[in-house]
Amino acid sequence: MEKKTPIIAPSLLAANFLEIGREVEMVNRSEAGWLHLDVMDGRFVPNISFGLPVITQVSKISTKVCDVHLMIEEPEKYAEAFAKAGAQHLTVHIEACVHLHRNIQQIKGLGMKAGVALNPHTPVQLLENIIRDVDLVLVMSVNPGFGGQHFIEQTYAKIRQLRKMIDESGSSALIEIDGGVTLENAKAIVEAGTDVLVAGNTVFASKDPLATIRALKG
Ligand code: DX5
Ligand code: ZN
């Protein structure tokens, strides 16, 4: 079987915010494909991270795909502002969207790739009627809100189910895994069918982040 190389998306949440410019430049020099940006509102998740002003600045100096993960309620109110801030991918949580189909069309209409994220307890089957409309599916492998948590093992089964759904439906959606990705479990996660690995602490807390990003690619 052909070896699959995942796209690596370092999550800026784990960066040193006093050195944010230097951290983004490190990612620019690396073999990462995307830069993952976690937006939290203190309502959808029990934490608050950063928002539009930070992303506006970061997207100006980043040479990687600006992959924005919204962990917020009513994401439709802010989609246009994130497009203006430089987001190239905008991912919304299925649990936060009453009108997911409309939200996805809105994001695409603004010229961004549209992603849908699932919390650990949310079944993959809920995507059946939207899978051909989305560009990516982000499967949370920890409960959203914080970096540095342990990977939930049940995620492997979800990845396999989702891979099957995508392949059988003819959807071109990418599978992105977010939370608890390490040098130890990256290979198994990719073998289960993942296309994109988000990695926060594994990258930014490592002694040699460039080498760690390379190693995550397998
Ligand atoms: C968590 C965020 C993740 C987080 C991952 O809610 O969505 O992107 O930064 O961090 P690690 O890789 O440290 O688990
Ligand atoms: Zn994330």
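Residues numbered from 1 in each chain as written. Chains lettered and ligands numbered in written order. Predicted model: local features only at pLDDT ≥ 70, side-chain atom pairs only at ≥ 80, totals over all residues. Heavy atoms only, no water.

**As for unusual backbone geometry**
Phase 1 of the analysis: Positive phi, normally seen in glycine, also occurs at Glu 74, with a value near 45°.
Phase 2 of the analysis: Structurally, the position occupied by Glu 74 is in the loop between strand S3 (65-71) and helix H3 (79-85).
Phase 3 of the analysis: Taking relative accessible area as the criterion, Glu 74 reaches 40% and is therefore assigned partly exposed. (Helix = DSSP H or I, 4+ residues; strand = E, 2+ residues; numbered from the N terminus. Buried < 20%, exposed > 50% of the residue type's maximum accessible area, 1.4 Å probe, protein only.)

**Section: the site of ligand 1**
Phase 1 of the analysis: As a structural note, the neighbourhood of ligand 1 is formed by 20 residues, with Ser 11, Asp 38, Gly 145, Asp 178 and Gly 200 the closest of them.
Phase 2 of the analysis: Between Gly 200 and ligand 1, the recorded distance is 2.7 Å, taken from a backbone N or O atom to an oxygen atom.
Phase 3 of the analysis: Asn 201 places a polar side-chain atom, nitrogen or oxygen, 2.8 Å from an oxygen atom of ligand 1.
Phase 4 of the analysis: For ligand 1, whose accessible area on its own is 380 Å², the fraction buried by protein is 98%.
Phase 5 of the analysis: Element by element, the count of residues in the shell around ligand 1 is highest for strand S2 (residues 34-40), at three residues.
Phase 6 of the analysis: Its residues assigned to classes, the shell around ligand 1 shows eight nonpolar, 10 polar and two charged. (Near = heavy atom within 4 Å. Polar contact = N/O pair within 3.5 Å; in protein donor to acceptor, adjacent residues only side chain to side chain. Areas by Shrake-Rupley, 256 points an atom, 1.4 Å probe, with all protein chains shown as cover. Nonpolar A, V, L, I, M, F, W, Y, C, P; charged D, E, K, R; others polar.)

**Comments concerning the coordination of the zinc ion (ligand 2)**
Expected angles at a metal are 109.5 degrees for tetrahedral coordination by four donors and either 90 or 180 degrees for octahedral coordination by six donors.
Phase 1 of the analysis: Distances from the zinc ion (ligand 2) to its protein donors, His 36 (NE2), Asp 38 (OD), His 69 (ND1) and Asp 178 (OD), fall at 2.0 to 2.3 Å.
Phase 2 of the analysis: One can describe the donor arrangement at the zinc ion (ligand 2) as octahedral, given that its six donor atoms subtend angles of 70 to 169° at the metal.
Phase 3 of the analysis: Along the chain, the residues donating to the zinc ion (ligand 2) are arranged with the sequence spacing H-x1-D-x30-H-x108-D. Residue His 36 is found in strand S2, and its partner His 69 is found in strand S3; the two are separated by 33 residues along the sequence.
Phase 4 of the analysis: Overall, His 36 belongs to the buried group, its relative accessible area being 0%. (Donors = N, O, S within 2.8 Å, 3.2 Å for Na, K, Ca; no water. Tetrahedral: all angles 85-135°; square planar, octahedral: opposite > 155°, others 65-115°.)

**Brief notes about the sheet that holds S2**
The strands making up a sheet are joined through hydrogen bonds of the backbone, oriented either antiparallel or parallel.
Phase 1 of the analysis: Spatially, eight strands are ordered S1-S8-S7-S6-S5-S4-S3-S2 in an open sheet, and the strand pairing comes out parallel. A strand with exactly one partner marks an edge of an open sheet, and here the two such strands are strand S1 (7-10) and S2. In this sheet, adjacent strand axes meet at a mean angle of 25° when their direction is disregarded.
Phase 2 of the analysis: In terms of strand pairing, strand S6 (residues 136-140) meets strand S7 (residues 174-178) through five bridges, oriented parallel. Paired with Leu 138 across the two strands is Glu 176, which belongs to S7. (Pairing = 2+ DSSP bridges. Axes fitted to C-alpha atoms, helices over the stretch in contact; angles between N-to-C directions.)

**Some thoughts on the nonpolar core**
Phase 1 of the analysis: If you look at the biggest cluster of nonpolar residues, it comprises 59 residues, and the most contacted ones within it are Val 68 and Leu 127.
Phase 2 of the analysis: When residues in this core are grouped by element, the largest group, five residues, is from helix H5 (residues 155-169).
Phase 3 of the analysis: With near-sequence residues (within four places) excluded, Val 68 lies in contact with Leu 37, Val 39, Ile 55, Phe 82, Ala 87, His 89, Leu 90 and Thr 91. (Core = buried A, V, L, I, M, F, W, Y, C linked by side-chain atoms within 4.5 Å. Contact = heavy atoms within 4.5 Å.)

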